[in-house]
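# Survey of secondary and tertiary structure
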Amino acid sequence: MPDVYVVQGGTPAQMAYDAISKVFQEDPADLSVLLKVNTGFKGPAASGLCTHPEVVRGLIRYFKERNTKKIYVGDSSIVGVDSVEALKSAGIWDVCREEGVECLNLDESGMREQEIPDPIMVSRLKMSNLPFEVDRVISVPVIKTHMYAGVTLSIKNMKGCLFQKDKTRLHRINQAPPDIHKGKCLDYGIVDLTKVCYPNYVVIDGVVAMEGFGPSGGTPVELGLVLASDDALSADLTAIQLMGMAVDAVPHLNLVREHRGLDPADIHVYPADYLKWARRFQLASEHDLHLNYPNPRVVDRGACSACHAAMVQFFRYHHQEYENGPEATLVFGGDATAEDCLGSRVVLVGNCTAKLRGEGRAFCKGCPPVPSQIARTIDAGTTLDD
């Protein structure tokens, strides 16, 4: 019977300390521990974009006080983002330096290939070494909505353990999912990931969360709580209810639940009235680039989260420049075809679209491209080489 504890009130560090103390019942003196944070994107601390640095501090202090053999803190950011710079901008790097623990880009630990038992979508994945070398992995995500996965919580957070560009593989699986009514390729791919990379413990940061166009372009939400469990799926199912969602609202969690045989009725959440802290999050699906920003027109064909994040940032900072201008079409994603490139002003965005170059289409290179370069390519109407 999995237990989930929700802690509300107090400083972020104290809430995290209290939360982990309720679920970690081992003596860590002979254990090495990885705090796998969520710093997939570079942005300001305590903004809902990345794990709150003070939550990390509370966990470090818990393990330091118990003489844990070795404490690591780390993540590997999305393609195109410097992982160390993301850890620094999130405030986590400085917290680790102040507390005297090692903070690192997980990719720097080297790579191993993991065979997936009974694979659904992928037979093997390239993973960073460290999560498999430590004794215990603790997933420490921030609560966020996600434009592809619905939410990104403790299970989705483990995608940061994938090595370098293998992070994009689950977004670019060129085969039909077993049952499209149950989930997309990404959802089934996450199930494959859990078979080889499932955390031992979870502490979910709900101090400042993110709603709307997550995981990078959403709006901060001050939820003011932390939850913890020794079962990631149980923690995630509890977290989505705190986000105002039904327990069966997220496809990848439903598929993981089916794979692991968990009945939500068996989850014990403390306190029992934890839903008094719930609020309805605006979902990423309720925001649509087509509706919010009708020009330039967007054609998304299987783009990964890195390219999609670049596109969201482009519209955030440049949309007003094109509201009343000539119509243009931005095409991105590895599954785009010539049929998607209709119109007189077509811009191919990202290296995955290079195969469609020619016939008057402009091309904005990058993996991912930066928003200012997308704008410059639209304005020039042709490929820029610099």
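Above this text is the structure in question.
Residues numbered from 1 in each chain as written. Predicted model: local features only at pLDDT ≥ 70, side-chain atom pairs only at ≥ 80, totals over all residues. Heavy atoms only, no water.

## Digging into the layout of surface pockets
A probe matching the size of a water molecule, rolled over the atoms, marks out where space remains unfilled. As a reminder of what qualifies: Here a cavity means grid points, on a 1 Å grid over the protein atoms only, where a 1.4 Å probe fits yet cannot get out; a pocket means an open set of points with protein on both sides within 12 Å along at least five of seven lines; lining residues are those with an atom within 4 Å of a point. Grid points are joined across faces, edges and corners, and a volume is the space filled by probe spheres set on the points. Starting at the N terminus, helices and strands are each numbered in turn, a helix being any DSSP run of H or I of at least four residues and a strand any DSSP run of E of at least two. Residues are grouped as follows: Ala, Val, Leu, Ile, Met, Phe, Trp, Tyr, Cys and Pro are nonpolar; Asp, Glu, Lys and Arg are charged; every other residue, Gly included, is polar.
Of the volumes computed, that of the second largest pocket is approximately 430 Å³. Lining of the second largest pocket is provided by 23 residues; of these, Phe-41, Lys-42, Ser-216, Ala-309 and Gln-313 occupy positions nearest its centre. Top contributing element to the lining of the second largest pocket by residue count: helix H11 (residues 305-318), with six residues. Per-class residue counts for the lining of the second largest pocket are 15 nonpolar, six polar and two charged.

## As for the environment of Val-142
Here is the rule we go by: Contacts are assigned to residue pairs that have any heavy atoms within 4.5 Å of one another.
Secondary-structure assignment places Val-142 in strand E8 (residues 142-146). Along the primary structure Val-142 and Gly-261 are separated by 119 residues, whereas in three dimensions their C-alpha atoms are 26 Å apart. When neighbours within four sequence positions are excluded, Val-142 is seen to be in contact with Asn-38, Gly-48, Leu-49, Cys-50, Thr-51, Thr-152, Asp-205, Val-208 and Ala-209.

## Describing the pattern of salt bridges
Quick reminder of the rule: When a carboxyl oxygen of Asp or Glu lies within 4 Å of a side-chain nitrogen of Lys or Arg, that pair is called a salt bridge. Type-normalised accessible area, obtained with a 1.4 Å probe on protein chains alone, sets the label of each residue: buried when under 20%, exposed when over 50%, and partly exposed for intermediate values.
Taken as a whole and judged by the stated rule, the model has 21 salt bridges. Glu-54 serves as the salt-bridge partner of Arg-57, at 2.9 Å between the closest nitrogen and oxygen. Of this pair, Arg-57 and Glu-54 both sit in helix H2 (residues 53-65), three residues apart, which is roughly one turn of the helix. Accessibility expressed as a relative area gives 12% for Arg-57, which makes it buried. According to the relative accessible area criterion, Glu-54 is partly exposed, its value standing at 25%. We note a salt bridge from Glu-102 to Lys-70, for which the minimum N-O separation is 3.3 Å. Of this pair, Glu-102 sits in strand E4 (residues 102-105) while Lys-70 sits in strand E3 (residues 70-75), and the two are 32 residues apart along the sequence.

## Section: helix H7 (residues 185-194)
An α-helical segment advances 3.6 residues per turn. Residues three or four places apart therefore align on the same side. Among the ten residues of H7, ten are classified as buried, and the element is accordingly described as predominantly covered. Those residues of H7 not exposed but buried are Cys-185, Leu-186, Asp-187, Tyr-188, Gly-189, Ile-190, Val-191, Asp-192, Leu-193 and Thr-194. Elements that come into contact with the buried residues of H7 comprise strand E6 (124-128), helix H6 (154-157) and helix H9 (251-260).

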